[in-house]
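# Notes for the structure review
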Amino acid sequence: MPTLDRIPASAGCGALCEALDRDGAVIVEDALGAGHIADLNRELDAVVAGTAPGLRHPTDEFYVEFYGSKTIRLDGLPAKSKTFVEIIGLPLMQEIADHYLLPNCQDYLLNTAQLIEIGPGEIAQMIHRDEDAWPEMPPEKPLLQVESMFALSDFTLENGATQVVPGSHRWEPDREAEPHEITQAEMKAGSALIYFGTTLHGGGTNTTTDVKRRGMFFGYVLGWLRTEEN
């Protein structure tokens, strides 16, 4: 099984970008402090408690399975969490977005911001690229997105740690991952998986009976594209 580099947030943008260039993804340890984790979970608990798992108002049966029947997803985090607004102002993701996106746009936008809580018994999500949200883009397109999944609880093999295919950001679009090419981003709460929109990935299987895997997902997109949240 391949592995991902684990780099402390204090290492800075240069070390993170070196790993991203090579693998298309990197685990950033200690990306959030204990205070931020506690505040985020407290602010989001009440909203999660009133939200049923599964996709609301599906437009196609494909999306019912893709988004999961035992997974809770909440969009629009800036309106739901004051702490989230603080976190998107932190330099970690902005420095990476500056490096990769500003060469191809005047400014970039917050593409989407979600809480994703994978419940016990959820099956693995289909491996995919987030940039497929813009299917009409030509093959010679620039990098469209940088993404992040912040662990608000520990991510383990058993509870659905995100599947990642290192190096897939350099593959041809129609190449599919073999099982031996897929790893999972096991990480402690407060760590973050940062990856490109061209990197193959997907939520993992939650084989537990009583453990929820809670993550906070957000990313930036080139400013001349329509955002997924919109």
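In this report, the structure presented in the accompanying data block is examined. Predicted model, so just to flag it, every value in this text is computed and none were measured.

### Describing the side chain of Asn 206
Here Asn 206 is to be found in the loop between strand 9 (201–202) and strand 10 (213–222). Note on Asn 206: relative accessible area 1%, which makes it buried. Of note is the side chain of Asn 206, whose polar atom sits 3.1 Å from the backbone oxygen of Ile 118. Those residues in contact with Asn 206 that sit more than four places away from it in its chain are Ile 118, Gly 119, Pro 120, Gly 121, Glu 122, Glu 158, Asn 159, Gly 160, Val 211, Lys 212 and Arg 213.

### With respect to the nonpolar core
In terms of nonpolar packing, the biggest core is built from 45 residues, with Val 146, Phe 150, Met 216, Phe 218 and Tyr 220 touching the most fellow members. It is helix 5 (residues 91–101) that provides the largest number of residues to this core, a total of six residues. Counting 15 residues, the second largest nonpolar core, distinct from the first, contains Met 149, Phe 155, Ala 161 and Met 187.

### As for the pattern of salt bridges
It is possible for side chains bearing opposite charge to pair when their charged atoms get close. Taken as a whole and judged by the stated rule, the model has eight salt bridges. Measuring nitrogen to oxygen at the nearest pair gives 3.2 Å for the salt bridge that ties Arg 22 to Asp 23. By relative accessible area, which is 36% here, Arg 22 ends up partly exposed. What makes Asp 23 buried here is its relative accessible area of 11%. Linking Arg 42 and Asp 39 is a salt bridge whose minimum nitrogen-to-oxygen distance equals 2.9 Å. Here the residue Arg 42 and the residue Asp 39 both occupy positions in helix 2 (residues 34–49), the gap between them amounting to three residues, near one helical turn. Exposure remark for Arg 42: the relative accessible area of 52% places this residue in the exposed category. Under the relative-accessibility criterion, Asp 39 is labelled partly exposed at 26%. Counted as one network, the salt bridges with shared partners bring together Asp 5, Arg 22 and Asp 23.

Procedures and definitions
Residues numbered from 1 in each chain as written. Predicted model: local features only at pLDDT ≥ 70, side-chain atom pairs only at ≥ 80, totals over all residues. Heavy atoms only, no water. Helix = DSSP H or I, 4+ residues; strand = E, 2+ residues; numbered from the N terminus. Buried < 20%, exposed > 50% of the residue type's maximum accessible area, 1.4 Å probe, protein only. Polar contact = N/O pair within 3.5 Å; in protein donor to acceptor, adjacent residues only side chain to side chain. Contact = heavy atoms within 4.5 Å. Core = buried A, V, L, I, M, F, W, Y, C linked by side-chain atoms within 4.5 Å. Salt bridge = Lys/Arg side-chain N within 4 Å of Asp/Glu carboxyl O.

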